[in-house]
Amino acid sequence: MSSGNGAAERVAVLGSGGWGTALAVHLGRLGKPVGLWGRDASLVGEMSERRENRRHLAGVALPPGVEPTTSLERALRGARYVVAAVPSHGVREVLRRAAPVVPPRAIVVSAAKGIEEATLLRMSQVVEQELGTARPVTVLSGPSFAAEVARGAPTAVLVAGRSPDAVGAVQHEFRSGYFRLYASDDVIGVEVGAALKNVIAIAAGVVDGLGLGHNATAALITRGLAEISRLACALGGRRDTLAGLSGLGDLVLTCTGGLSRNRQVGLGLGSGRPLDDVLAGMSAVAEGVRTTGAALALGARHEVELPIAAQMAEVLTGRRTPRAALDELMLRRQRSEAEP
């Protein structure tokens, strides 16, 4: 399948987990040459040999134009688009290593979702610190399980950035018959929604693990959206962004979908398993575990109350049982639904 956009421009995808591989597969299907970088030499070697990422995306063939490599220089050579799809806690280190060989005219696409724990920076801010501000940075976010994108299932996402030209270019070059991109200039709202929905998804998993029913799940998602929106607005984001794909859309998917890693963490906790045991059985990162503490610190800095995140922090650290955390949320002082 060709994108029909003339000469195919090269893309570098940094990160060979499920999401990075899915994006590489998608872009490869559009006829683009893709350098897919991974740090794990054995995984990269297996992908090169078998043309499949059996560890993170089994059953999906890598298109001919996708080249797995452990060399950042090789992956980035001649790239017009650089997609950062590593877990949030690894973004700074990878981009610091990549910085000397990122092409000057490249457009950077951050596909990582989280808040850096040490600095409380959003991922696009980390990117700009490591690569400078000369290259435009965009953010790709929205309700999108990697396995479904890789299968070519219909998906709609958001691309946000301060440069309309860069946003438009990503929209144009990354679209396909099954992958639709909407545009936004609200980078803050998009990134806060992307990061905090993982925290709420852990709580949704806890609700399901405790068998508390659909009423409780619906209430949790709705109040979770209010919590995310409060923080996003305090940071300078727009409330309407959180009602869109990168807010409500991603939140619903992550809180209810069977492929959600963060929901799986909550399910395990809700069924009585300790956190270490739950995480030991997972092959990929559940971003919400790290994001919970960072979100609370960010909330404290901006005097924003995050009651669901606060209770999940108590559960994740073992200071409170999942049932006690949910009881605490139900017994909070009743108030008007409309935000002050």
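The structure under discussion appears in the preceding block.
Since the structure is predicted, the reported quantities are computational estimates derived from the model, not experimental observations.

The rules behind the values
- Residues take numbers from 1 onward in each chain, read along the sequence in its written order.
- Given that this is a predicted model, residues contribute local features only at a pLDDT of at least 70 and side-chain atom pairs are listed and counted only at 80 or more, while totals for whole chains, interfaces and linings are drawn from all residues.
- Excluded from the side-chain calculation are hydrogens and water; included are all heavy atoms of the structure.
- Each helix is a run of H or I in the DSSP string that is no shorter than four residues. Each strand is a run of E no shorter than two, and both are numbered from the N terminus.
- Only the C-alpha atoms count toward the radius of gyration. The rule for a globule is 2.2 Å times the residue count to the power 0.38.
- Whether two residues are in contact is decided by their heavy atoms: any pair within 4.5 Å suffices.
- For this analysis, a ring pair means two rings from Phe, Tyr or Trp (six-membered ring only for Trp) whose centres lie within 6.5 Å, classed as stacked if their planes differ by under 30 degrees, edge-to-face if by over 60, and tilted for the remaining angles.
- Ring-over charges, as used throughout, are those where CZ of Arg or NZ of Lys falls within 6 Å of the ring centre and within 35 degrees of the ring normal.
- Exposed residues in this analysis have more than 50% of their type's maximum accessible area, buried residues have under 20%, and partly exposed residues fall in between, with area computed by a 1.4 Å probe over protein chains only.
- Residues belong to a common nonpolar core when they are buried Ala, Val, Leu, Ile, Met, Phe, Trp, Tyr or Cys residues joined through side-chain atoms within 4.5 Å.
- The rule for pairing is simple: two strands pair if DSSP sees at least two bridges between them.
- For helices, the fitted line uses only the C-alpha atoms of the stretch in contact; every axis is such a line through C-alpha atoms, and the angle between N-to-C directions lies from 0 to 180 degrees.
- Cavity and pocket criteria rest on a 1 Å grid covering protein atoms alone: a 1.4 Å probe that fits but cannot get out defines a cavity, protein on both sides within 12 Å along at least 5 of 7 lines defines an open pocket, and an atom within 4 Å of a point defines a lining residue.
- Grid points are joined across faces, edges and corners, and a volume is the space filled by probe spheres set on the points.
- Charged means Asp, Glu, Lys or Arg here, nonpolar means Ala, Val, Leu, Ile, Met, Phe, Trp, Tyr, Cys or Pro, and polar covers whatever is left, Gly included.
- What counts as a salt bridge is simple: a side-chain nitrogen of Lys or Arg found within 4 Å of a carboxyl oxygen of Asp or Glu.
- By definition in this entry, angles of less than 35 degrees are roughly parallel, angles greater than 145 are roughly antiparallel, angles of 65 to 115 are roughly perpendicular, and the rest are oblique.
- Crossing handedness: left-handed means the near helix sits turned counterclockwise from the far one by under a right angle, and right-handed means the same turn made clockwise.

Novice: What should I look at first to understand the overall build of the protein in this one?
Specialist: A tally of helices and strands in the protein yields 16 helices and 8 strands. Since a compact globule built from 340 residues should have a radius of gyration of about 20 Å, the 20 Å found for the protein is in line with a globular shape. In terms of principal-axis extent, the alpha carbons of the protein reach across some 60 × 40 × 35 Å. Taking the intrachain contacts of the protein between residues at least 6 apart in sequence as the baseline, contacts between residues at least 24 apart amount to 71%.

Novice: I'm lost on the packing of aromatic side chains in this one. Help?
Specialist: The description of two aromatic rings rests on the distance between their centres and on the angle between their planes. According to the stated counting rule, one finds 1 aromatic pair in the structure shown. Taking the centre distance of 5.6 Å and the plane angle of 70° together, the rings of Tyr81 and Phe174 count as edge-to-face. Linking Tyr81 in strand β4 (residues 81-84) with Phe174 in helix α7 (residues 164-174), this pair joins segments that are 93 residues apart in sequence. Over the face of the ring belonging to Tyr81 we find Arg80, whose NZ or CZ atom lies 5.9 Å from the ring centre.

Novice: Quick question: what am I supposed to make of unusual backbone geometry here?
Specialist: For Arg51, which is not glycine, the phi torsion reads 55° and is therefore positive. Relative to the elements of secondary structure, Arg51 occurs in the loop between α2 (41-50) and β3 (66-69). Look at Arg51 and you get partly exposed, because its relative accessible area is 24%. Of note, the phi angle at Leu120 is positive, near 65°, even though the residue is not glycine. Given the relative accessible area of 12%, Leu120 is considered buried.

Novice: It is not clear to me how the nonpolar core should be interpreted in this structure. Could you clarify?
Specialist: In globular proteins that are soluble, nonpolar side chains generally tend to be buried together. If you look at the biggest cluster of nonpolar residues, it comprises 41 residues, and the most contacted ones within it are Leu196 and Leu269. When contributions to this core are tallied by element, the ones reaching two or more residues are α8 (187-209), α9 (214-235), α11 (245-256), α12 (261-270), α13 (275-280), α14 (287-301), α15 (307-316) and α16 (322-330).

Novice: Looking at this structure, I do not really get the sheet that holds strand β5 (residues 107-110). What am I missing?
Specialist: Think of a sheet as strands paired side by side through backbone hydrogen bonds, with each pair either parallel or antiparallel. Here we have 8 strands laid out as an open sheet, ordered β3-β2-β1-β4-β5-β6-β7-β8, and mixed in their pairing. With one partner strand each, in any of the chains shown, β3 and β8 (179-184) form the two edges of the open sheet. Looking at each pair of strands side by side, their axes are set apart by 25° on average, direction ignored. Sitting on the sheet, α8 is in contact with β6 (137-141), β7 (155-161) and β8, with an inclination near 40° to β6.

Novice: Mind showing me how you'd approach the environment of Val157 here?
Specialist: Checked against the element boundaries, Val157 lands in strand β7. Spatially, the C-alpha atom of Val157 lies 25 Å from that of Ser283, the residues being 126 residues apart in sequence. Sequence-distant contacts of Val157, that is, excluding residues within four places in its chain, are made with Leu140, Ser141, Gly142, Ser144, Phe179, Arg180, Leu181, Tyr182 and Leu245.

Novice: Could you clarify how one ought to interpret the side chain of Ser124 in this entry?
Specialist: By the element assignment, Ser124 lies in helix α5 (residues 123-131). Ser124 gets classed as buried once you look at its relative accessible area, which sits at 7%. Other than its neighbours up to four places away in sequence, Ser124 contacts Val137, Val139, Val187 and Glu191.

Novice: Got a minute to help me understand the layout of surface pockets in this structure?
Specialist: To find leftover empty space, one rolls a probe the size of a water molecule over the atoms. In this structure, the largest pocket occupies an estimated 1100 Å³ of space. Around the largest pocket, the lining comprises 43 residues; the ones closest to its centre are Gly18, Trp19, Arg261, Ala284 and Val285. If you list the elements that add at least two residues to the lining of the largest pocket, you get α1 (18-29), α6 (146-151), α8, α11 and α12. Taken together, the residues of the lining of the largest pocket sort by class into 17 nonpolar, 18 polar and 8 charged. Of the pockets and cavities examined, the second largest pocket occupies roughly 630 Å³.

Novice: Whenever I open this one, the side chain of Thr138 confuses me. Can you help?
Specialist: Position of Thr138 relative to the elements: it lies in strand β6. Accessibility expressed as a relative area gives 1% for Thr138, which makes it buried. Other than its neighbours up to four places away in sequence, Thr138 contacts Ile107, Val108, Val109, Ser110, Val159, Ala160, Gly161, Ala166, Val167 and Val170.

Novice: In this structure, what is going on with the pattern of salt bridges? I would like to understand it.
Specialist: Close approach of charged atoms lets side chains of opposite charge pair. Scanning the entire structure with this criterion turns up 23 salt bridges. The shortest N-O distance in the salt bridge between Glu67 and Arg74 comes to 2.2 Å. By relative accessible area, which is 26% here, Glu67 ends up partly exposed. On the basis of relative accessibility, which here comes to 41%, the residue Arg74 falls in the partly exposed class.

Novice: I tried to follow the packing of α9 against α11 on my own but got confused; where do I start?
Specialist: In helix packing, the relevant descriptors are the interaxial angle and the interaxial distance, both defined with respect to the helix axes. Packing of α9 against α11 leaves a shortest axis separation of 11 Å and a crossing angle of 135°. With respect to each other, α9 and α11 are oriented oblique. Considering only the axes of α9 and α11, their crossing is right-handed. Residues Ile221, Gly224, Leu225 and Ile228 of α9 pack against Gly247, Leu248, Leu251, Val252, Cys255 and Thr256 of α11. In the contact of α9 with α11, the residues fall into 7 nonpolar, 3 polar and no charged.

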